[in-house]
Amino acid sequence: MSYSPKSKKSHGKPQSKSAGDKQFAPLKPATVTSANFSIDPDALHFIPLGGSEQFGVNLNAYSIAGKWLAVDCGIGFAGHRFPGIDILLPDPQFLADRAEDLVGLIVTHAHEDHIGAVPHLWKRLQCPIYCSPFTAEIMKLKMADIPGNERAKIIVVNPGDTVKIGPFTVGFIHVAHSIPNALACVIETSGGTVVHSGDWNLDPTPVIDDKTDEAAFRAAGDKGVMAYIGDSTNAEVQGRTGSEYEVEQGLTALFPEIEGRIAITLFASNVSRVRSICRAAKACNRKVVLMGRSLHRMTGAAFECGYLEDIPDFIEERDMDRLRDDQVVILLTGSQGEANAQLARIARGDHQYVKFNKGDTVIFSARPIPGNEEEINAVKNNLSATGVNIISTGDTAHTIHVSGHPCQDEILDMISWVRPKIVIPVHGERTQLEAHAKLARSAQVPSVVVPSNGSVIKLTANGAEVIDHISTNLLAVEPNRIISAGHQAISARRKLQFTGIVHITLVVDERGVLADDAQITTMGIIDPNDPAELQFEEDIAIEVEDALAELDKGSDVGDDVLAEQARVAVRRMVSQALGLKPKVSVHIVRL
Ligand SMILES: [Zn+2]
Ligand SMILES: [Zn+2]
């Protein structure tokens, strides 16, 4: 610290609680403005309410004849911008305002960015949920976590099924993706037909599911598709995404090159990858241990649906010690560096049973989601410190990961099968959406519209037109409440991370004159264990007292004036001394 102490002076401790200690009742989530909204009921409209210009928090809405159909309802990871928050939800208020006319929610697959918000938001939507058998298994487990969701009606649909949902006739098509049983939907209405792709790729040799059903997409194209609304994740990536079978071959070749224990981390939902790892382990006589709640949950659902019947039994964690290091493969969660996941806990020596030692190898069989790099590196640093070998994509000639999303050649194939008049890219940030749009234009699609969340897009045979915009929002999930992501509490936390806070307690008489020393406590500004730095709090108190003494006491001074005078003085002083602009809270006690 680089300030000069003013003088020594003793101050008592604050007697009363500051405003920051108040307990708040749970707040109602903020609402999205949707008053005075009207659209032509004869035309088909599409509104992305989440997931366009961002990864995650997918929520899409279609409307015709005064009715609404939602597709997907997922979470996003909060990251550093939301201190204290792990996950974000799309704000469903626009649909909740129309819940009587909301005829259904289709969940295309069981990835968190498509299914994860349903348990939190279903009570506000109250509509039937349509999904595939595997997605339904996961949905039931997730819905059971939150009371009140047991009333939700989950309707299981299979590829090839056609279901009438209000004015929407929806056909389901199987697509290959990095989770089983993913569906695209063909939404037929009196205003035209839309293909909504969900997440997909054209894996030529999927490990557990069939290939994407090209014939069904071609058949939709033959009947006539007005609009294709699709996955943009890899729209900037040339070529094709590759195959899960290449990963199986890659791991089968890699495992025998490793001598000690092998631990491999992946997305729990990648059931194909789990199967490939089990087969690669069996080929080199290793047994597989599963670690992590979500891996148990996903593999349990996969067994229920008949996906993992041909793999050897997993061994229990506690039986691992009976095997030599070169007889074990540990399959575990935490590929994104999540602090509470198994991998991060073991890496920092914080796991009850498992310790990694020199000679063990950890394989990252997953791509880092943008924004998670820092957490992933922290885990890797901890692993390196204990002498663990780390293998990530790029460290080995063997294929250890492929994406579940379509690259450019696959997107062009899809457009050629479906032959839409309109393409609307979704599921990506602006750069991916624009790359997808460019591809569509290169394929001579007559009408291409890049949406933002809240774009109200009218779809007709003449093309797509953005006719309006509704405000959208994100919600933040705390342990006991859901609040707007723009809530003051979160912006204050964000600010506090950088600047610290000064609490001032002023005891004043009825005229506003200080009746006792100003009492100061700070957080994030000084080291309270260092007496020299503690002096700074006393200097702040003197600064406040001097500033208040300057106030004209000719008439009674109100709380607002006192608080502002103190706040300005403290900010000026701390700014001059330390270059910080802390948050200042003032608590006034009147005698
Ligand atoms: Zn997705
Ligand atoms: Zn997905």
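Placed above this text is the structure.
Notes on the structure follow.

Rules behind the numbers
- Residues numbered from 1 in each chain as written.
- Chains lettered and ligands numbered in written order.
- Predicted model: local features only at pLDDT ≥ 70, side-chain atom pairs only at ≥ 80, totals over all residues.
- Heavy atoms only, no water.
- Axes fitted to C-alpha atoms, helices over the stretch in contact; angles between N-to-C directions.
- Helix = DSSP H or I, 4+ residues; strand = E, 2+ residues; numbered from the N terminus.
- Parallel < 35°, antiparallel > 145°, perpendicular 65-115°, else oblique.
- Left-handed = near helix turned anticlockwise from the far one by under 90°.
- Contact = heavy atoms within 4.5 Å.
- Pairing = 2+ DSSP bridges.
- Buried < 20%, exposed > 50% of the residue type's maximum accessible area, 1.4 Å probe, protein only.
- Donors = N, O, S within 2.8 Å, 3.2 Å for Na, K, Ca; no water.
- Tetrahedral: all angles 85-135°; square planar, octahedral: opposite > 155°, others 65-115°.
- Expected span 1.5 Å × (residues − 1).

1. Some thoughts on the packing of helix 14 (residues 531-549) against helix 15 (residues 559-578)
Part 1: For the pair helix 14 and helix 15, interaxial distance at closest approach is 9 Å and the crossing angle is 135 degrees. By the angle between their directions, the pair helix 14 and helix 15 is classed as oblique. As helix 14 packs across helix 15, the resulting crossing turns out to be right-handed. Counted together, Phe536, Asp539, Ile540, Glu543, Val544, Ala547 and Leu548 of helix 14 and Leu562, Gln565, Ala566, Ala569, Val570, Arg572, Met573, Val574, Ala577 and Leu578 of helix 15 form the full contact between these two elements.

2. Looking at the sheet that holds strand 6 (residues 102-106)
Part 1: Pairing is mixed in the open sheet, where 8 strands are placed in the order 8-7-6-3-2-1-21-22. With one partner strand each, in any of the chains shown, strand 8 (154-156) and strand 22 (463-469) form the two edges of the open sheet. The average angle at which neighbouring strand axes cross in this sheet is 25 degrees, direction not considered.
Part 2: Both strand 2 (residues 59-64) and strand 3 (residues 67-73) contribute to a ladder of 6 bridges, which runs antiparallel. Bridging across to strand 3, isoleucine 64 finds its partner in lysine 67.

3. Brief notes about the pairing of strand 5 (residues 87-90)
Part 1: Side-chain alternation along strand 5 places Ile87 and Leu89 on one buried face and Leu88 and Pro90 on a second face that is also buried.
Part 2: The pairing of strand 4 (residues 76-77) with strand 5 spans 2 bridges and is antiparallel. Residue glycine 76 lies in a different strand from strand 5, and its bridge partner there is leucine 88.

4. Considering the coordination of the zinc ion (ligand 1)
Part 1: For the zinc ion (ligand 1), every protein donor is listed as Asp113 (OD), His114 (NE2), Asp199 (OD) and His427 (NE2), and the spread of their distances is 2.1 Å.
Part 2: Each of the 4 donor atoms bound to the zinc ion (ligand 1) contributes to angles spanning 86 to 163 degrees, and the resulting shape is irregular.
Part 3: If you list the donors of the zinc ion (ligand 1) from N- to C-terminus, the spacing comes out as D-H-x84-D-x227-H.
Part 4: Taken as a pair, the zinc ion (ligand 1) and the zinc ion (ligand 2) show a spacing of 3.5 Å, with aspartate 199 coordinating each metal.

5. A closer look at helix 7 (residues 271-283)
Part 1: The terminal C-alpha atoms of helix 7, which comprises 13 residues, lie 19 Å apart, in line with the 18 Å expected from a rise of 1.5 Å per residue.
Part 2: Across the 13 residues that make up helix 7, a large majority, 10, are buried.
Part 3: Val271, Ser272, Arg273, Val274, Arg275, Ser276, Ile277, Cys278, Ala280 and Ala281 are the residues of helix 7 that are buried.
Part 4: In the core, the buried residues of helix 7 are packed alongside helix 4 (133-143), helix 6 (244-254), strand 14 (262-265), strand 15 (287-291), helix 8 (293-304) and strand 16 (328-332).
Part 5: Where helix 7 ends, the next residue or the one after it, asparagine 285, has phi of about 60 degrees, a positive value.

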